Amino acid sequence: MPPASQTDVGWIPKEVKKKLKEQKKAEQAAAEADVQKKRLTRRARRPEGYGLGWPLTLPEGDLQTRLKRYLEGFATGMGWRSPRSREPGTDRDRAEDLTGGADDRAERLGVLHLSFITVVDRVGSFELTYELLDLRGGQVRVKTKVEGEEPVIDSVTGIYPTANWHEREAYDMFGVAFKGHPDLRRLYMWQDHFDHHPLLKSFEISTKRTFENLR
Amino acid sequence: MVWTVVEYLNYEPWRFLVSFAAVLFLVLNIAGIFTMAERKASAYIQLRYGPNRVGPRGLLQPAADVLKLFSKENLSPNRADLWIFLAAPIAMFIPAAAVWLVMPFAPGAVIVDLNIAILFFVAITSIGALGVIMAGYGSRSAFSLLGALRGAAQMISYEVPLILSLLGVIMLAGSLSLVDVVNAQSGGFWHWYFLPLLPMFVVFYVAGLAEVKRVPFDLPEGESEIVGGYMVEYSGMTWAMIQASEFAMMGLMAAMNVTLFLGGWQPPLDFLDLGAFNWIWFGLKTALLTFTFQWIRWSVPRLRMDQLMDLGWKILVPACLVWLFVVAGAMLVLQGS
Amino acid sequence: MPQLGQGILKGMGVTLGHLFGKKITRAYPEYKRDLPERSRGLLTVDMDRCIACLQCMRICPDHCISIEQEKRDADGSGKAKPYAVGFVIDDSRCMYCSLCVEVCPVNCIYHTEEFEAQAYNRLELARQFGERPVDPTVDPKPAVKKKKKPTGKKAPKTVERPRTGEDEVA
Amino acid sequence: MLSEERRIESAALSGRAAGRLANPDVRDEFGLETLDMSMGPQHPAMHGLLRLILELDGETVVRCDTVMGYLHRSKEKISENRMYPAVIPITDRIDYMNNIAMEYGYVLAVEKLLDAEIPPRADAIRALMNEFGRIMSHIPSIGFLMLELGAFTPILYAFRERERIQNIFEAVTGARMMFHYIRIGGVKADLPEGIPEQMWNYIEGLEQRLQPDFVDLIEGNEIFIARTRGIGKMTQEKAVEMGLTGVPLRCTGAEFDVRKHYPYGWYKNLDFDVITDTEGDVEASYRVRIGEVKQSIRMIKQILEDLPEGEVMADLGRRIRPAEGDGIGRVESARGEYAVHVVSDGSDTPYRVHYRTPCTVNMQLLQEIVPGHYLPDIMPIMGLIDPVSGAWDK
């Protein structure tokens, strides 16, 4: 079968026409699939057999057992003997590997939903609470601490796209910077001419009446 | 004595001035009455009472509104093209007023009996689109520009089914004069044109709704999308003029519908003939039709632009064309033999 | 076009039914509805009963109550007790949360059925109850929560909020 | 809807538009010109104060940037400076269409900190009021959706229902909008005499009115279907990925309801269904809302049928001073999962209060799904998310 462009003759038999049509259709379908593939690159990276099928299936069973199994698998995968005595020199201990490997974490566990990120300003350090839900009664609370005046922490937007605005809010209110965030702007306060982070404990509010000269 | 005055007024310049004043008076009153009717109808549909403070049962509310609008300052945007901005309401108002000149209100009661009245109606109402474009362009605002573009597209598209549906009437009546059209429908409601021309009546009704920019075709205004469209920047009397022209246009469409398809001033049954007072029938029918406009407005949501265009070009125009052929064939069969 | 406008006609039937239905609007200034017993209107104070315990001032989330306190032998018992010489409720700040009413030990502050508060000037909305007017623009709680020496006897007593306190403040 | 190529082109355009804003003389090389439009913050369809920076190609949106914060009143900071009970009236102001759920979430969090035992009658009354709150938020939501589509009448029918529920609330709580009714340890006061009967009568009346006024008038309307079917369509996966909760998630078919899957209070004793729909567009959200109103009616009937007797307030002492730690209260508000995280340091003011409002999270959807739609489609999409200005800005 010659390509469609070369069959430029006056008369084409019916079967050939039909075949050409089918071929064209197949080409179109392939192109569409290609576009789909491009669109779903994020999904395509995900390992088969885990998590989100199509349509989405929510996890079943107890979160505790899943979590335990997962943590064991995680430790062996990372080359840890136990959380206490891990070797710092193993090559999977780099930060990018952690975030890269974490991509399927949400799906393997079925913890699909990031409920919120709370930042608490413990003067001198920042405590971040990530509340994760599996939408089926299980919940995971991850707490972490960042030291310093201008803290930086990895963004979780790669795993939970919903974290986008949660992290923007945290940045706005506390000045916590998120590495790898696609669009770290202020969420609530105005973008320029405002250098404060209002929920810091050092930001004092005044309860003075605001209309003193507004007779 | 009186007769000489009337005769004197019949001489050309005076006749023109008097009829023009009469039409202006009529149109402004119609705008006021329809504003009131609109507000009351909407209120009653929505379980409210509507305006009820000014005058008996709030009936003087339009007068109070006009007084208030007169006292308001006329604002215009800083970058507006001032001439176009101020001329737009006038360009919208004049067509709404001028067509009333050819409208037969009762037997013999028509200001000008034009023999091309239908053509006059089509030609003059098309100017309304110009006013919309002027208003939207002159305001120099993104919202009003969008409104003007929508308005222009909509009004020009819906002229086509409007005119096509008129053709049926012209074929049946054999005349372009509105007086002839009304006279041809005499003798009971079964002689009215809405029965043989039912699809065209519906098309004229729908296209008329679109032409006067009322829900579900009020996209040029679209207050929840583009905040008011082409008239977003108007205030005070200029805004009042746009509103008045819209309401007058609505009344005009209803009256045109009545004249062309519902027998004009003809009574529904012969023994109900009121002679010179037949304008009561005309008024009743127009009021009823206007009420249906308002009833639709307060019951349905608004279409989207592409759906509006689809409706106009893919449904109304073909329906009209098909029925035109049906009517022509029927006439050929019934009259040709 | 399977339906041909049936849905629209159905909806128009509903609206037509309401056109002749009973209306629910009540013309407000002429018609006044009976307020339920618990309705929370403007606050008022019965100054005879007030014992100047400052509970309401302390709990108020908006800081809309200011009380000027003085030791005075008001009931003739020979003992000087706290007495509210100035009491102001700033209605421009009040959010009618009713916390002050609940906290009052002698039930001297309570809601009325009045709810139409309006004025040409925000300061007019500050209603004075005591014998001596209090400036409502002076905040009863200072912004900085440091221990300060009382500036004078007439200044409102600032209440330190104990962060690890054991007993209740009366 | 834009094709994939057009979408990619639009993305490229949006980048250029950003440059064009900085330097208006630059023209793009395709000769295409787009119109930048700022929709809001003062706009009738923006549910309050929201600004959308739109880039329009004709009437097609190619870029939508959400700017918020116009109603930011820093409730989290205020809450840090108020005593525990005095925070409740502030939570009332977060979602002012569904205040009672806002109070409920905060109170649950503080009770978790205090480890308090709540009397059953108080729990039942809380659930009762919460379901009334859901009705009085869902029905106006439907009205707002219709208002934005251009039909003015349903909003007034909706507000008739809301006003009647507000009358009941006024008799119970004393206020029509900012109730301040749910307290730490119970509720403010028991239901007054005759109110359960009034509630029952109202609910029966609502069941009858729901069909003509909100289903017959809206559901079959061809224009409504044309405007909403397929608009704002999203897949389940997208919805979960964006962290949506509430009606926008459930209308895609994902069955998640805090009342069912993270039960709290009296909801453990109630029998109800989680309403889902498969389409995930605006019309589906309308159907889900109507279904949820019916479920709320069912729940209210169940609660009223066996309302437990007893106290309505636990004795927690006059002063509320929880131990150090943190408590999370999570409730299903009318707009989705509402969670409050209270961190205590042992004093009588909270150390940190974080409100997770469903509106903030659901609003992320706008910038994801609006590009590619027509300008008038933004309004039904806003109706699908149905945010409340006070809630997204906190």
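None of the values given here were measured: they were computed from a predicted structure.

The rules behind the values
- Residues numbered from 1 in each chain as written.
- Chains lettered and ligands numbered in written order.
- Predicted model: local features only at pLDDT ≥ 70, side-chain atom pairs only at ≥ 80, totals over all residues.
- Heavy atoms only, no water.
- Helix = DSSP H or I, 4+ residues; strand = E, 2+ residues; numbered from the N terminus.
- Buried < 20%, exposed > 50% of the residue type's maximum accessible area, 1.4 Å probe, protein only.
- Contact = heavy atoms within 4.5 Å.
- Areas by Shrake-Rupley, 256 points an atom, 1.4 Å probe, with all protein chains shown as cover.
- Phe/Tyr/Trp six-rings, centres within 6.5 Å; stacked < 30°, edge-to-face > 60°.
- Lys NZ or Arg CZ within 6 Å of the ring centre and 35° of its normal.
- Pairing = 2+ DSSP bridges.
- Axes fitted to C-alpha atoms, helices over the stretch in contact; angles between N-to-C directions.
- Salt bridge = Lys/Arg side-chain N within 4 Å of Asp/Glu carboxyl O.
- Parallel < 35°, antiparallel > 145°, perpendicular 65-115°, else oblique.
- Left-handed = near helix turned anticlockwise from the far one by under 90°.
- Nonpolar A, V, L, I, M, F, W, Y, C, P; charged D, E, K, R; others polar.
- Polar contact = N/O pair within 3.5 Å; in protein donor to acceptor, adjacent residues only side chain to side chain.
- Buried area = accessible area lost by both parts, 1.4 Å probe.
- Disulfide = S-S within 2.5 Å.
- pLDDT = per-residue confidence, 0-100.
- Patch = residues over 30% accessible without salt bridge, like charges linked within 9 Å, V, L, I, M, F, W, Y side chains within 5 Å.
- Lys, Arg positive; Asp, Glu negative; His and termini not counted.
- Charge placed at Lys NZ, Arg CZ, Asp CG, Glu CD.

Enquirer: Would you mind going over the overall build of chain D with me for this structure?
Expert: On a plain count of helices and strands, chain D comes out with 16 helices and eight strands. Counting every position in chain D, which comprises 394 residues, the buried fraction comes to 70%. Summarising the internal contacts of chain D: among those between residues at least 6 apart in sequence, 71% fall at separations of at least 24.

Enquirer: Just to check I follow, could you spell out the overall build of chain A for this structure?
Expert: Scanning chain A from terminus to terminus reveals six helices and five strands. By residue count, 37% of the 215 residues in chain A fall in the buried class. Expressed as a percentage of contacts within chain A between residues at least 6 apart in sequence, the contacts between residues at least 24 apart total 42%. About 13,600 Å² of surface is accessible on chain A, with carbon and sulfur atoms providing 53% of the total.

Enquirer: Mind showing me how you'd approach the packing of aromatic side chains here?
Expert: The way to describe two aromatic rings as a pair is by their centre distance and the angle between their planes. One pass over the structure, following the stated rule, counts 26 aromatic pairs over all chains. A centroid spacing of 4.3 Å and a plane angle of 5° characterise the contact between F85(B) and Y234(B), whose relative ring orientation is stacked. Residue F85(B) is located in helix α4 (residues 82-98), and its partner Y234(B) is located in the loop between α8 (198-211) and α9 (236-261); the two are separated by 149 residues in the primary sequence. The exposure class assigned to F85(B) is buried, which follows from its relative accessible area of 1%. Aromatic rings pair up to connect F189(B), W190(B), W192(B), F194(B), F201(B), F204(B), Y205(B), F261(B) and F293(B) into one cluster. The positively charged end of K201(A) is found above the aromatic ring belonging to Y351(D), 4.0 Å away from the centroid. When the ring centre of F272(D) is taken as reference, the NZ or CZ atom of K260(D) above it lies at 4.5 Å.

Enquirer: Teacher, can you tell me more about the pairing of strand β8 (residues 352-356) of chain D here?
Expert: Put simply, side chains in a regular strand alternate between the two faces of the sheet. Residues and elements named next belong to chain D. The element β8 is extensively covered by neighbouring structure, given that five of its five residues are classed as buried. With burial as the criterion, each face of β8 is covered, one bearing R352, H354 and R356 and the other bearing V353 and Y355. As paired elements, strand β7 (residues 336-344) and β8 share five bridges and run antiparallel to each other. Note on β8: the bridge partner recorded for V342 is V353.

Enquirer: What should I look at first to understand the sheet that holds strand β3 (residues 60-67) of chain D in this one?
Expert: Sheet strands associate in pairs through backbone hydrogen bonding, adopting either a parallel or an antiparallel arrangement. Spatially, three strands are ordered β1-β2-β3 (chain D) in an open sheet, and the strand pairing comes out antiparallel. Among the strands making up the open sheet, the edge pair consists of β1 (35-39) and β3 of chain D. Sheet twist, expressed as the mean angle between neighbouring strand axes with direction ignored, is 20°. Bridging between strand β2 (residues 51-57) of chain D and β3(D) involves seven bridges; their strand directions are antiparallel. Bridge pairing in β3(D) places D57(D) opposite T60(D). Contacting β1 and β2 of chain D, helix α6 (residues 142-173) of chain B runs over the sheet at an angle of about 115° to β1(D).

Enquirer: Can you walk me through the pattern of salt bridges in this structure?
Expert: Opposite charge on two side chains permits pairing when their charged atoms draw close. Evaluation of the coordinates by the stated rule reveals 54 salt bridges over all chains. K201(A) is the salt-bridge partner of E80(D), the closest N and O atoms lying 3.1 Å from each other. Taken together, the residues span two chains, with E80(D) in helix α2 (residues 75-80) and K201(A) in the segment after β5 (177-179). Classification of E80(D) by relative accessible area gives buried; the value is 6%. Residue classification places K201(A) among the partly exposed residues on the basis of a relative accessible area of 29%. A salt bridge links D65(B) to R39(B), with the shortest nitrogen-to-oxygen separation between them at 2.9 Å. Note that D65(B) is positioned in helix α3 (residues 61-71) and R39(B) in helix α2 (residues 12-45), a separation of 26 residues in sequence. Via salt bridges that share partners, E131(D), R134(D), R250(D), D257(D), R259(D), E292(D) and E332(D) belong to a single interconnected network.

Enquirer: I keep staring at the packing of α4(B) against α9(B) and nothing clicks. Help me out?
Expert: Angle between the axes and distance between the axes: these two values describe a pair of packed helices. Residues and elements named next belong to chain B. As a packed pair, α4 and α9 sit with axes 8 Å apart at the nearest point and diverge in direction by 20°. Between α4 and α9, the crossing angle belongs to the class labelled roughly parallel. Our pair here, α4 against α9, has a crossing hand that is left-handed. Counting all contacts with α4, which are made through L86, P89, I90, M92, F93 and A96, the residues of α9 involved are T238, M241, I242, A244, S245, A248, M249 and L252. Here the contact of α4 with α9 is composed, by residue class, of twelve nonpolar, two polar and no charged.

Enquirer: Any chance you could explain the side chain of H111(C) here in plain terms?
Expert: Residue and element names in this part refer to chain C. Assignment of secondary structure puts H111 in strand β4 (residues 109-111). Among the polar contacts listed, one links the side chain of H111 to the side chain of S98, at a separation of 3.5 Å. Once you skip the residues sitting within four places of it in the chain, H111 turns out to touch S39, R40, G41, L42, L43, Y96, S98 and V101.

Enquirer: It is not clear to me how the interface of chain A and chain D should be interpreted in this structure. Could you clarify?
Expert: One frequently used descriptor of interface size is the decrease in accessible area upon assembly of the parts. Between chain A and chain D, the residue contacts involve 50 residues of the former and 44 residues of the latter. When the buried surface of chain A facing chain D is broken down by residue, W165(A), Y188(A) and L199(A) rank first, second and third, together holding 18% of it. The interface formed by chain A and chain D holds five salt bridges in total. Remark: the boundary between chain A and chain D carries 19 residue pairs in polar contact (both at pLDDT 80 or more). Mapped by element, the contributors of at least two residues to the side of chain A that touches chain D are α1 (14-39), α2 (41-44), β1 (113-122), β2 (125-133), β3 (139-147) and α6 (163-174) of chain A. With ten residues, β1(A) is the single largest residue contributor to the side of chain A that touches chain D. For the side of chain A that touches chain D, the residue count by class is 26 nonpolar, ten polar and 14 charged.

Enquirer: In this structure, what is going on with the interface of chain B and chain D? I would like to understand it.
Expert: Listed by partner, the interface residues are 24 residues for chain B and 33 residues for chain D. Its largest share of buried area at the contact with chain D, chain B owes to S224(B), P301(B) and R304(B), together 25% of the area lost on that side. At the junction of chain B with chain D, the criterion picks out one salt bridge. Across the chain B-chain D interface, the total number found is seven residue pairs in polar contact (both at pLDDT 80 or more). Every element with two or more residues in the side of chain B that touches chain D is listed here: α6 and α11 (305-336) of chain B. Here the element with the most residues in the side of chain B that touches chain D is α6(B); it accounts for four residues.

Enquirer: Which parts of the structure should I look at to understand the environment of I67(C)?
Expert: All names here are of chain C. Here I67 is to be found in strand β2 (residues 65-72). With a relative accessible area of 3%, I67 lands in the buried category. Taking the C-alpha atoms as reference points, I67 and Y83, separated by 16 residues in sequence, lie 9.6 Å from one another.

Enquirer: For this particular structure, what's the right way to read the sheet that holds β8(D)?
Expert: Residue and element names in this part refer to chain D. If you trace the three strands from one edge of the open sheet to the other, you get β6-β7-β8, paired in antiparallel fashion. Only two strands of the sheet have a single neighbouring strand rather than two, namely β6 (325-333) and β8. Pairs of neighbouring strands in the sheet enclose a mean axial angle of 10°, with direction left out of account.

Enquirer: I keep staring at the state of the cysteines and nothing clicks. Help me out?
Expert: In a disulfide, the sulfur atoms of two cysteines are held together by a covalent bond. Scanning the entire structure with this criterion turns up zero disulfides over all chains. With no disulfide partner, C97(C) has as its closest neighbouring cysteine sulfur the one in C60(C), 6.1 Å distant.

Enquirer: Sorry, what's going on with the environment of V258(D) here?
Expert: Residues and elements named next belong to chain D. Mapped onto the secondary structure, V258 falls in helix α11 (residues 258-261). V258 gets classed as buried once you look at its relative accessible area, which sits at 0%. Spatially, the C-alpha atom of V258 lies 9.9 Å from that of V274, the residues being 16 residues apart in sequence.

Enquirer: Mind showing me how you'd approach the confidence of the model for chain A here?
Expert: As a note on interpretation, predicted positions should not be read in detail where pLDDT is low. Overall, the predicted model of chain A reaches an average pLDDT of 67, with 54% of residues at or above 70. Low pLDDT (under 50) marks residues 208-215 of chain A, which in the prediction has 18 contacts with non-local residues, meaning those over four places away or in another chain.

Enquirer: Is there a simple way to explain the environment of P82(C) in this structure?
Expert: Residues and elements named next belong to chain C. Positionally, P82 belongs in strand β3 (residues 81-90). When the C-alpha positions of P82 and Q69 are compared, they lie 6.3 Å apart, and in sequence the two are 13 residues distant. Excluding anything up to four places from it in sequence, P82 contacts I51, A52, Q69, E70 and K71.

Enquirer: Looking at this structure, I do not really get a positive patch on the surface. What am I missing?
Expert: Together, K14(A), K17(A), K21(A) and K25(A) make up a region of like positive charge exposed at the surface. Assessed through its relative accessible area of 62%, K25(A) is described here as exposed.

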